[in-house]
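Survey of secondary and tertiary structure
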Amino acid sequence: MASARVPPTTSQLRDELIAAGKGLADNEDVLRSVLAGCGDCIKILDLDGRLQFMSEGGKRVMEVDDFAPLKGCPWPEFWGGDGNTEARRAVELAKAGGIGRFKGPANTAKGNPRHWDVQVSPIMGADGKPSHLLSISRDITEEWRAVAELKEAVERQAVLTLELQHRIK
C-alpha cells in the first residue's frame with residue numbers, strides 16, 4: 001500500500017525557493033504573483049465553510065469586482081442543488097483532515113454559468129489540526145461543453161443509425 005505524500009514544511013519550501021534563484025525566498029511579490037497569475041480560484045474558508053479570502057486570479061475567473069460583500073458568506077450556498085450537498089460534504093471531509101472533491105455548476109459573481117472541478121483540503125495549524133480550509137476551483141466549462149456536445153452528437157448518430165436501419169428493412 002502506498003503511503004500518503006507528506007507536504008513539505010515551510011522551511012523546506014523556503015530552501016527550495018532559495019535554491020531556485022536569488023530573491024525568491026521571503027519575497028512577498030512571489031506570493032502575490034503566484035496568487036494573481038493562477039487561473040484557478042483559490043479561496044480560504046473558516047472551519048464553518050465561510051469565505052475569508054479569495055486570490056486575485058480567483059476574483060478574475062469568478063468575475064468578482066469587490067470581495068468585501070462576499071467575505072464571511074457560507075461558501076456551500078454558492079452551489080445549487082446537488083452541488084450544495086457536495087460542497088457541504090467537501091467542507092466536512094476537509095474539517096476532518098481529508099480532501100473533498102467534486103465537480104459541478106455554479107455561476108460567477110456576474111451570473112455567468114460555469115462548471116468547476118473543486119478540491120477542499122485542510123490548512124493545518126501549529127497543533128496539527130485544521131485551522132482553516134483551502135478551496136481550489138478550476139473552471140472546466142470548456143471541457144464540460146465539449147463532453148456535452150460529444151454526447152449529443154453520439155445520440156444523434158444513434159437516432160440516424162436506427163432510422164437508416166429501419167429504411168433499409
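Residues numbered from 1 in each chain as written. Predicted model: local features only at pLDDT ≥ 70, side-chain atom pairs only at ≥ 80, totals over all residues. Heavy atoms only, no water.

1. Examining the pattern of salt bridges
Stated precisely, the cut-off is as follows: Salt bridges are identified by distance alone: a Lys or Arg side-chain nitrogen within 4 Å of an Asp or Glu carboxyl oxygen. The helix and strand labels rest on DSSP assignments: H or I over at least four residues marks a helix, E over at least two residues marks a strand, and numbering proceeds from the N terminus. Exposure classes here rest on a 1.4 Å probe applied to the protein chains alone. A residue is buried below 20% of its type maximum, exposed above 50%, and partly exposed in between.
Applying the stated criterion across every chain, the model contains 16 salt bridges. One salt bridge connects Arg32 with Asp29, and the closest N-O pair in it is separated by 2.5 Å. Of this pair, Arg32 and Asp29 both sit in helix H2 (residues 28-37), three residues apart, roughly one helical turn. On the basis of relative accessible area, Arg32 is assigned to the partly exposed category, the value being 48%. Given the relative accessible area of 44%, Asp29 is considered partly exposed. In this structure, Asp48 engages Arg50 in a salt bridge whose closest nitrogen and oxygen atoms are separated by 3.4 Å.

2. Quick look at the side chain of Ser121
How we decide: A contact between two residues is defined here by any heavy atoms of the two lying within 4.5 Å.
Here Ser121 lies in strand S4 (residues 113-124). Given the relative accessible area of 11%, Ser121 is considered buried. Beyond its immediate chain neighbours, meaning those up to four positions away, Ser121 contacts Ala94, Gly98, Ile99, His132, Leu133 and Leu134.

3. What about the state of the cysteines?
Between two cysteines, a covalent bond joining their sulfur atoms is known as a disulfide. Formally: Count a disulfide wherever a pair of cysteine sulfur atoms falls within 2.5 Å.
Tallying each qualifying case throughout the model produces zero disulfides. Not engaged in a disulfide, the cysteine Cys38 finds its nearest cysteine sulfur in Cys41; these two sulfurs lie 9.3 Å apart. Look at Cys38 and you get partly exposed, because its relative accessible area is 24%. Summary of cysteine pairing: Cys73 is not part of a disulfide, and the nearest cysteine sulfur, belonging to Cys41, is at 13 Å.

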